[in-house]
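# An overview of the molecular structure
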Amino acid sequence: MDRIVIRGGRPLSGEIAIRGAKNAALPLMAAGLLTDDRLVLGNVPKLADIETMATLLAQHGIAVDRVGNEGRVLSLGGAITNTEAPYDIVRKMRASILVLGPLLARCREARVSLPGGCAIGARPVDLHLKGLEQMGAEISLEGGYVNATAPQGLQGADIVFPFVSVGATENLLMAASLAQGRTTRANAAREPEICDLAKCLIAMGAKITGIGSGRLVIEGVPTLHGADHEIVPDRIETGTYACAAAIAGGTLLLRGGRLEHMAALASTLSEAGVEVTEAPGGLRVARLNGLHGTDVQTEPYPGFPTDMQAQFMSLMCVAEGAAMIPETIFENRFMHASELNRMGARINVHGSSAIVRGDASLQGAPVMATDLRASVSLVIAGLAARGETVVNRVYHLDRGYEAVERQLSACGADIERVSD
Ligand code: UD1
């Protein structure tokens, strides 16, 4: 299995091209189930999760071909031949549940394995199922699978959820696009990836208003058609490299990064002593003088993203003064804290909050993480650590970061991938 080896202490300088957002690409690929026509997606990142979704779609009958622009364009097309999403694929990636809404809307039936828990928390899918039930689906759970049917087809419904869910908003947006009548969705998630999905669905013929507002209105249409869509740049990849520049020192140009999609992160970074400014073609990130301990709480968009909590925590380890970081989205998303402590950080976790004492002098160590963002937070810490940091279980990183070691070494970091 591969490992990433980092020898810290070098400042970063140069530019990194930000790829299309993984969390936009996955639902957009699931949207390929909504039509037999070709859906062409541009700016697709080369990631393990994209391959998993392509494998899942292929066994539903949808061919996914990488074409053009160094394989960054995906062409999806074909008729649905199988409405079952098997455990062997779904267990690898929770976002597989996103095929449920489209399959049910198109075929009036679907059998999808429950994704189960994951390292960062229980992560149930009850909101996805309740929403579909409100739209007329009959749902039962059997042998670890969701069995869903809608013999009369899905009907529009007024859906209000008790809290915001990104995945449930996406699943229901796709299902409602082909339902009969109007669906309203209150307390909808507002992430840029959801706006990107809505934009693509509209290009496919869907009727959606209220995009980005928290209240979506969808007028169902009988069929959708093919479209060409360019995926929005990844705000989490942008934020991750911003934290890398901040901890290592130096200046990075993040080509394609968009400030409007990361306002909460940029203002938190600015409070911490890191400047993020718009520059021709992207964003420029520079650490000013020292880093200052800065409190921040994770929240649904437009708040500070939970997917940036681990990377920001690494930064806070070396900042002057303490930082309090409450995690409000996932119940168990601090596994990186104990690994960072092994590198010399001083983090205490109390329930859903972490207190980072700061002023740590990090030292390299062998570390491993149990999820994607935690893994990259250890890479970031390694950039500032004395000596050698070895990050194990690199498959987590490969799910969501394209060649992180190549990107950082091209900007001056001493980092390499080592295969056993
Ligand atoms: C998506 C992102 C993930 C990000 C998360 C929160 C993708 C592929 N993944 O995950 O990177 O960390 O948003 O920004 O886009 N919940 C329920 N019942 C449900 C659904 C969710 O209780 O039916 C809970 C979850 O356990 C969690 C919270 O709601 O505590 C938010 O989860 P959700 O927004 O649904 O996250 P995902 O869509 O899984």
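I will try to describe carefully the structure that is included in this document. Please read all numbers here as calculations on a predicted model, not as lab measurements.

Our next topic: the sheet that holds strand β14 (residues 227-230). The sheet built from four strands is open, its strands ordered β4-β5-β3-β14 with mixed pairing. Single-partner strands in this sheet number two, and they are β4 (63-67) and β14. Within the sheet, the average angular offset between the axes of one strand and its neighbour, ignoring direction, is 20°. Of the strand pairs in this sheet, strand β3 (residues 39-42) and strand β5 (residues 73-77) are connected by three bridges, and their pairing is antiparallel. Across the sheet, the residue bridging to L39 is L76, located in β5. Seen against the sheet, helix α1 (residues 22-30) touches β3, β4, β5 and β14 and runs at an angle of roughly 170° to β3. The strands touched by helix α7 (residues 192-203) within the sheet are β3 and β14, with β14 carrying the most contacts at an inclination of about 160°.

Following the sequence through the fold, V391 ends up in strand β22 (residues 388-392). In this structure the C-alpha to C-alpha distance between V391 and V376, which are 15 residues apart in sequence, comes to 8.9 Å. Setting aside chain neighbours within four positions, we find V391 in contact with R3, I4, I6, V367, S375, L378 and V379.

As a structural note, the neighbourhood of the ligand is formed by 18 residues, with D126, L127, S165, D307 and I329 the closest of them. In this structure, an oxygen atom belonging to the ligand sits 2.8 Å away from a main-chain N or O atom of G167. Contact with the protein chains hides 87% of the accessible area of the ligand, taken as 740 Å² for the molecule alone. Of all the elements in the fold, those that place two or more residues in the shell around the ligand are α5 (126-134) and α6 (166-177). Among the elements that make up the shell around the ligand, the one with the highest residue count is α5 (three residues). Tallied by class, residues from the shell around the ligand come to eight nonpolar, five polar and five charged.

It is worth spelling out the packing of α1 against α7 at this point. Following both chains from N to C, one finds α1 and α7 inclined at 35°, their axes separated by 9 Å at the closest point. Along this stretch, α1 crosses α7, giving a crossing that reads as right-handed. For the pair α1 and α7, contact is made by N23, A24, P27 and L28 and by E193, D196, L197 and C200, respectively. A per-class count over the contact of α1 with α7 returns five nonpolar, one polar and two charged.

Calculation notes
Residues numbered from 1 in each chain as written. Predicted model: local features only at pLDDT ≥ 70, side-chain atom pairs only at ≥ 80, totals over all residues. Heavy atoms only, no water. Pairing = 2+ DSSP bridges. Helix = DSSP H or I, 4+ residues; strand = E, 2+ residues; numbered from the N terminus. Axes fitted to C-alpha atoms, helices over the stretch in contact; angles between N-to-C directions. Contact = heavy atoms within 4.5 Å. Near = heavy atom within 4 Å. Polar contact = N/O pair within 3.5 Å; in protein donor to acceptor, adjacent residues only side chain to side chain. Areas by Shrake-Rupley, 256 points an atom, 1.4 Å probe, with all protein chains shown as cover. Nonpolar A, V, L, I, M, F, W, Y, C, P; charged D, E, K, R; others polar. Left-handed = near helix turned anticlockwise from the far one by under 90°.

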